[in-house]
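# An overview of the molecular structure
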Amino acid sequence: MPLPERIVLVGPMGAGKSTIGRLLARELGYRFIDSDRLIEERCGANIPWIFDVEGESGFRTRESNILEELSHETGAVIATGGGAVMREENHASLRRAALIVYLKTSVDQQFERTRRDRNRPLLQHDDPRAVLQELFDRRNPIYSQLADIVMMTDKKSPRLVVRQLINRIKPRTSRKKRHLRKEGHKHA
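I will try to describe carefully the structure that is included in this document. The structure presented is a predicted model; accordingly, all values stated were derived computationally and were not measured. (Residues numbered from 1 in each chain as written. Predicted model: local features only at pLDDT ≥ 70, side-chain atom pairs only at ≥ 80, totals over all residues. Heavy atoms only, no water.)

This next bit is on the pairing of strand β1 (residues 6-10). With five of five residues buried, β1 lies mostly within the body of the structure. Residue alternation in β1 divides its side chains into two sets, Arg6, Val8 and Val10 and Ile7 and Leu9, and both sets are buried. Here β1 pairs with strand β3 (residues 76-79) via four bridges, running parallel. In the strand pairing of β3, Val8 is matched with Ile78. Here β1 pairs with strand β4 (residues 98-104) via five bridges, running parallel. Within β4, the residue paired with Val8 across the bridge is Ile100. (Buried < 20%, exposed > 50% of the residue type's maximum accessible area, 1.4 Å probe, protein only. Helix = DSSP H or I, 4+ residues; strand = E, 2+ residues; numbered from the N terminus. Pairing = 2+ DSSP bridges.)

What follows covers the nonpolar core. Within soluble globular proteins, side chains that are nonpolar generally end up buried alongside one another. The biggest cluster of nonpolar side chains holds 20 residues, and the ones touching the most others in it are Ile7, Leu24, Val77, Val101, Leu103, Leu165 and Ile169. For this core, the elements supplying multiple residues, two or more each, are β1, α1 (17-28), β4, β5 (149-152) and α7 (158-169). Those residues in contact with Ile169 that sit more than four places away from it in its chain are Leu3, Pro4, Ile7, Leu24, Leu99 and Ile149. Counting 19 residues, the second-largest nonpolar core is a separate cluster that includes Val10, Ala98, Val107 and Leu135. (Core = buried A, V, L, I, M, F, W, Y, C linked by side-chain atoms within 4.5 Å. Contact = heavy atoms within 4.5 Å.)

Before going further, it helps to spend a moment on the side chain of Ser64. As for its position among the elements, Ser64 is in helix α3 (residues 47-70). At 2.8 Å, the side chain of Ser64 forms a polar contact with the side chain of Asn90. Apart from residues lying up to four places away in sequence, Ser64 is in contact with Arg87, Glu89 and Asn90. (Polar contact = N/O pair within 3.5 Å; in protein donor to acceptor, adjacent residues only side chain to side chain.)

What follows deals with the pattern of salt bridges. Considering all chains together, one arrives at eleven salt bridges under this definition. Residues Arg60 and Glu56 are paired through a salt bridge, measuring 3.2 Å at the closest nitrogen-oxygen approach. Remark: Glu56 and Arg60 occur in helix α3; sequence separation between them is four residues, near one turn of the helix. Here Arg129 ties to Asp108 by a salt bridge, and the two come within 2.1 Å at their closest N and O atoms. With Arg129 in helix α6 (residues 128-146) and Asp108 in helix α5 (residues 107-114), the pair connects residues that are 21 residues apart, well separated along the chain. For Arg129, a relative accessible area of 32% corresponds to the partly exposed category. Accessibility expressed as a relative area gives 47% for Asp108, which makes it partly exposed. (Salt bridge = Lys/Arg side-chain N within 4 Å of Asp/Glu carboxyl O.)

If you want it as structure tokens, here you go:
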């Protein structure tokens, strides 16, 4: 079984999609693409500014266009924004010849990882933890339905998550074949 053309990381903010994506791409010899960073580069503005000027709807339209474009990339690990799964039209783009990995994390872990981050427009609220819980409740079923692999990231180092993912992604030989190969080297 060959490696997938693309590995798409989905999940909530603070799950580690960018950090884990970079490490995973390096391990597999793939390119790493962060869809949010690509949107910022193309717009020449950061995501909070895009939200302020165009609203969430304008940002989501830009996101859909980028995801469609990225669905034709090969040899890439793609980190998506947490809300990328909310538009049904994005599902086909995400799935196209890709392995989808849901990096799942608890709301408590998300809160710890994002509470000081001012670059997350949806969390600029009086009760960001409540916002995270509400987003999790709405998005978790969609992440789960789209995912080929669900990987918990709570209390795990990014390197451990990457090792566990590689063990599930990379084609592996059976024990018997490995044993025969070892014996073959002894007799050579």
